[in-house]
Structure formats: structure tokens, C-alpha cells
Amino acid sequence: MLKLYHSSKEKNSIVNLNITTVIKERLICTLMLKLMYILKKFDIIIERTKYSEDRTMKISVIGSGSWGTALSQAVVDNGHELLLYSRSEKSRDEINIHHTNSRYLKNAILPKEVVATSSLKEAVEFADVIVIAVPTKVMREVSKEINKYLDRPKYIIHVSKGLEMDTNKRMSEVISDEIDSDKLKGVGVLSGPSHAEELILRNPTVVAIASENDELNKIAQEIFHNKYFRIYVNKDIVGVEVGGALKNIIALGCGIIDGMAYGDNAKAALLTRGLIEITRLGKKLGADEMTFLGLGGIGDLVVTCTSKHSRNYNCGYLIGQGYTLDQAIEKLDMVAEGVRTTKVCYFLSKKFDVYMPITENIYKVLYEGLSIKDCVNNLMNKMAAEELNKFE
């Protein structure tokens with residue numbers, strides 16, 4: 001028989017050694033796990049400060065709709081302080097108590113750092129940078145109110161996609177009209193292919209900040225840019241605003257096509273020729289035509305014309321299904337900016353003599369009672385022409 005131990009003393013010594021080894025191994029594993037946890041937290045901190053240079057800013061988002069709420073989450077994910085202005089006290093309380101905004105983002109749970117207020121004065125005075133996320137029809141009114149409470153010059157970023165009725169102005173122009181020049185450090189627009197319903201899930205999203213102010217562009221990246229929300233810079237604010245507004249008209253048309261079951265061929269053609277129209281008018285208004293090949297142009301156009309999240313596409317779809325414009329708007333219960341923008345764009349095209357047959361026919365469907373079949377016949381029976389003519 002093989003003798004394993006020479007003595008009981010030797011046996012105890014080996015057993016003690018084995019126990020000590022096991023304890024050491026477990027201790028090392030525990031330390032490794034703790035180190036991994038610390039490194040993970042450190043990695044999160046690095047991610048938050050990578051684009052902010054360790055600078056924590058105070059950001060106020062004006063407007064607690066779906067996009068304002070989703071942007072608020074991105075802001076606090078980056079370690080900045082945030083105040084979200086909600087006109088509705090009910091929404092304010094829901095955000096602060098339950099950390100939800102169920103009217104706009106039904107299944108989302110917000111970080112506790114997203115804090116809401118119903119005092120516009122408090123929101124404006126709190127902020128280093130103000131982000132305006134309201135419908136275009138109230139932009140002038142909201143800007144006037146913000147101006148009352150500005151106690152020092154600040155940067156303003158807006159995320160609204162449309163043109164103002166009557167004046168035909170872009171939103172940065174409306175903001176500049178109403179904010180005293182000595183209170184406005186700079187104005188920009190954050191725009192691109194993005195749905196709040198996906199950003200709130202922290203799904204990868206890429207947009208552009210557009211401003212002629214280099215410092216504002218840099219600050220916008222510091223506020224928003226992180227591992228799921230990438231921010232490019234585009235200095236062509238005219239092009240980005242025009243692209244963001246006019247793509248909603250084409251989205252209405254794409255929704256109508258699907259509502260009528262005209263198929264993918266027709267939708268692809270409308271989207272492509274729609275981009276030509278957007279570029280024509282944009283160029284006439286002073287935009288760089290290259291902008292419309294970027295995030296604020298074709299990027300935003302594709303996502304709005306093809307997604308179930310798009311209000312404008314859904315509005316068009318309902319019209320294609322036989323709903324009147326008023327019925328479609330009522331059923332949506334949200335703002336479809338393209339409805340108003342179609343009217344503004346139609347009159348702009350006449351004012352500047354820009355050839356925009358798609359816009360013209362969608363305008364006639366919405367406002368003059370033109371049937372969809374007649375609209376399609378008008379577009380299909382036009383005289384054949386060269387496809388590309390330098391956007392003239």
C-alpha cells in the first residue's frame with residue numbers, strides 16, 4: 001500500500017497548506033471582481049467625461065415631449081445637471097415621482113437625475129445652455145418668454161423641424177428675432193435621422209449639430225455625444241434646418257403611398273425625387289447642396305419616410321387609408337409638422353420660382369381637396385425630362 005504521509009504532522013501541514021492556497025485563490029478572485037467593478041465604473045466615468053473635458057454643465061430642456069425627454073436622458077447619462085421644463089404639472093409630477101413620461105414614451109423608465117419643473121423662469125435661470133424642444137407653431141411665443149428670464153448671455157440649441165407660418169422663417173431665425181442680441185451667445189440646431197422612441201432605449205443614433213458658432217458646436221458635442229449618441233458638426237445651419245423641415249412633406253407623401261398600397265417602387269421614386277426638390281429650394285435659400293447628402297438631408301429623409309415612429313408618415317398613411325386631414329391629425333394626437341410645412345413650402349416655391357411638383361400636389365391634396373389618384377396622375381403624366389439638372 002502506498003504511503004501518502006510520513007507522519008500526522010506532515011499530513012496536517014499539507015492540509016493547512018491546501019486550505020491556505022484555496023483561501024488565497026478565493027481572495028484573489030474577490031479582489032479581481034472588485035477591480036473589474038471599479039474599472040467598469042471608471043470606464044463609465046471616462047465615457048462621460050471623454051467629450052466634456054471634465055466640465056459639468058447645467059442644461060435646461062424646454063419641452064417635455066418625446067424628443068425633449070429622450071434628449072434629457074442623454075444629457076444626464078453624460079453626467080450633466082438637467083432641468084426639464086414641462087408646461088403640464090401632471091407630466092412634471094409623473095416625471096419627478098414615477099420617473100416616466102407615459103403620454104409620449106410609454107414604456108420608458110427615466111433616470112432619477114431627470115428632474116422636471118413647471119416654472120420656465122426656474123429653467124431659464126438654471127441653465128448654462130438652453131435646448132428648445134417645442135413645436136414650431138409655438139417657437140416664437142416660447143422664445144419671447146425665455147427672453148424675459150435670461151439674466152446673462154447663453155447658447156440656445158433647438159431641435160424643432162419646420163418653418164414658421166406667415167413669415168416662412170427657419171427656427172433659428174425666429175429665436176434670433178425674439179432673444180435680445182446681448183442675451184444670445186449663439187444659436188444652433190440639432191437634427192438628423194432620429195426617433196425619440198429609439199434614443200430613449202439608448203440605441204445607436206447619429207445626428208448633426210449645425211451652427212456658424214464653433215464654440216457652440218463644440219459645447220453641443222460635450223453635452224450630448226456618448227457611446228450611443230454620436231454628434232457630427234455641420235456649419236450649414238440653413239441646409240440642416242431646411243432639410244429637417246422639408247423631409248416631413250415627403251414623409252406625408254410616402255405615408256399616403258403606403259396607405260394606398262402603391263408599393264415600394266412608387267415610394268422609392270417619391271423619396272428620391274423629393275430629395276431633389278428639397279435640394280432645389282435649399283440651394284435657393286442659401287444652403288450648401290452637399291448638406292442634403294448628409295445626416296440633415298438624406299439621413300433624416302430616409303428615417304422619416306420609412307419608419308412606424310414617424311408622425312408625418314403615419315399622418316400620410318391615414319390619409320391614404322381614406323381619413324380626412326382633420327381626422328388623421330385627431331387620431332395621431334401629436335404634432336405632424338409636415339402639414340404646416342407643406343403650406344409654407346408651397347408658397348416659398350412660388351415666391352422663389354422653384355419647381356417643386358411633389359410639394360405642390362401634396363399641398364393640393366391637403367388643402368384643396370385634390371384626390372390622391374389625381375395627384376398621382378399629375379406627377380406621372382408630366383413631360384419626361386432629364387433626371388439630374390444641377391438642382392435648377
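Small disclaimer: the values here were computed from a predicted structure and weren't measured.

What counts and how
- Residues numbered from 1 in each chain as written.
- Predicted model: local features only at pLDDT ≥ 70, side-chain atom pairs only at ≥ 80, totals over all residues.
- Heavy atoms only, no water.
- Helix = DSSP H or I, 4+ residues; strand = E, 2+ residues; numbered from the N terminus.
- Buried < 20%, exposed > 50% of the residue type's maximum accessible area, 1.4 Å probe, protein only.
- Contact = heavy atoms within 4.5 Å.
- Areas by Shrake-Rupley, 256 points an atom, 1.4 Å probe, with all protein chains shown as cover.
- Axes fitted to C-alpha atoms, helices over the stretch in contact; angles between N-to-C directions.
- Left-handed = near helix turned anticlockwise from the far one by under 90°.
- Nonpolar A, V, L, I, M, F, W, Y, C, P; charged D, E, K, R; others polar.
- Pairing = 2+ DSSP bridges.
- Right-handed = clockwise from strand over helix to strand, strands pointing away.
- Expected span 1.5 Å × (residues − 1).
- 1 Å grid on protein atoms, 1.4 Å probe; cavity = no way out; pocket = protein on both sides within 12 Å on 5 of 7 lines; lining within 4 Å.
- Points joined across faces, edges and corners; volume = space filled by probe spheres on them.
- Core = buried A, V, L, I, M, F, W, Y, C linked by side-chain atoms within 4.5 Å.

### Overview of the overall build of the protein
Alright, step 1. When its secondary structure is counted, the protein shows 16 helices and eight strands.
Alright, step 2. Each of the 392 residues in the protein was classed as buried or not, and the buried ones make up 48%.
Alright, step 3. Nonlocal contacts in the protein, meaning residues at least 24 apart in sequence, comprise 72% of its contacts between residues at least 6 apart.
Alright, step 4. Accessible surface for the protein amounts to roughly 20300 Å². Of this, 54% is attributable to carbon and sulfur atoms.

### Examining the packing of helix α9 (residues 237-259) against helix α15 (residues 357-367)
Alright, step 1. Contact geometry for α9 and α15: axes closest at 10 Å, N-to-C directions at 65 degrees. As for the relative orientation of α9 and α15, their crossing is left-handed in sense. Along its contact with α9, which presents Ile-249, Ile-250, Leu-252 and Gly-253, the element α15 presents Ile-358, Thr-359, Ile-362 and Leu-366.
Alright, step 2. Grouping the amino acids of the contact of α9 with α15 by side-chain chemistry returns six nonpolar, two polar and no charged.

### A look at the sheet that holds strand β6 (residues 184-191)
Alright, step 1. Ordered by their spatial adjacency, eight strands build an open sheet running β3-β2-β1-β4-β5-β6-β7-β8, and the pairing between neighbours is mixed. Across the chains shown, the open sheet's two edge strands, defined by having one partner strand only, are β3 (115-117) and β8 (229-234). On average, each strand axis in the sheet is inclined to that of its neighbour by 25 degrees, with strand direction left out of account.
Alright, step 2. Of the pairings in the sheet, the one linking strand β2 (residues 81-85) to β3 comprises three bridges and is parallel in character. Within β3, the position partnered with Leu-84 by the bridge is Ala-116.
Alright, step 3. On top of the sheet, helix α3 (residues 89-98) reaches β2 and β3; it is set at about 160 degrees to β3, its chief contact.

### Focus: the pairing of β8
Alright, step 1. As paired elements, strand β7 (residues 205-210) and β8 share six bridges and run parallel to each other. Across the sheet, Ala-208 pairs through a bridge with Tyr-232, a residue of β8.
Alright, step 2. In this fold, β7 hands off to helix α8 (residues 214-224), which returns the chain to β8; that crossover is right-handed.

### Comments concerning the environment of His-99
Alright, step 1. Counting through the fold element by element, His-99 comes out in the loop between α3 and β3.
Alright, step 2. Since its relative accessible area comes to 24%, His-99 is described here as partly exposed.
Alright, step 3. With 11 residues separating them along the chain, His-99 and Leu-110 place their C-alpha atoms 5.0 Å apart.
Alright, step 4. In contact with His-99, not counting residues within four places along its chain, are Glu-94, Ala-108, Ile-109, Leu-110, Pro-111 and Lys-112.

### A closer look at helix α14 (residues 337-351)
The periodicity of an α-helix, 3.6 residues per turn, causes residues three or four places apart in sequence to face the same way.
Alright, step 1. Over its 15 residues, α14 runs 21 Å from end to end, which matches the ideal 21 Å to within 8%, given 1.5 Å per residue.
Alright, step 2. Residues of α14 that are buried include every one of Glu-337, Gly-338, Val-339, Thr-341, Thr-342, Val-344, Cys-345, Tyr-346, Leu-348 and Ser-349, and no others.
Alright, step 3. Here the buried face of α14 lies against α9, α10 (264-284), α12 (311-320), α13 (325-332) and α15.

### Some remarks on the layout of surface pockets
Alright, step 1. Roughly 1300 Å³ of volume is contained in the largest pocket.
Alright, step 2. Lining the largest pocket are 49 residues, with Gly-65, Ala-133, Val-134, Pro-135 and Arg-311 positioned closest to its centre.
Alright, step 3. Elements with a minimum of two residues in the lining of the largest pocket: α2 (66-77), α3, α5 (139-149), β6, α7 (196-199), α9, α11 (295-306) and α12.
Alright, step 4. In terms of residue class, the lining of the largest pocket is built from 16 nonpolar, 19 polar and 14 charged.

### A look at empty space enclosed by the protein
Alright, step 1. Under the definition given, this model contains one cavity of 30 Å³ or more.
Alright, step 2. Volume-wise, the largest cavity comes out at about 40 Å³.
Alright, step 3. Looking at the largest cavity, the residues that line it are Ser-160, Lys-161, Gly-162, Met-171, Val-189, Ser-191, Val-240, Glu-241, Gly-244 and Ala-245.
Alright, step 4. For the lining of the largest cavity, the secondary structure elements donating two or more residues are β6 and α9.
Alright, step 5. Residue composition of the lining of the largest cavity, grouped by class: four nonpolar, four polar and two charged.

### A short note on the nonpolar core
Alright, step 1. One finds Leu-246, Ile-250, Leu-281, Leu-301, Cys-305, Cys-315 and Ile-319 to be the most contacted residues of the largest nonpolar core, which totals 45 residues.
Alright, step 2. Within the residue set of this core, elements represented by two or more residues are α9, α10, α11, α12, α13, α14, α15 and α16 (372-380).
Alright, step 3. Ranked by residues supplied to this core, first place goes to α9 with 13 residues.

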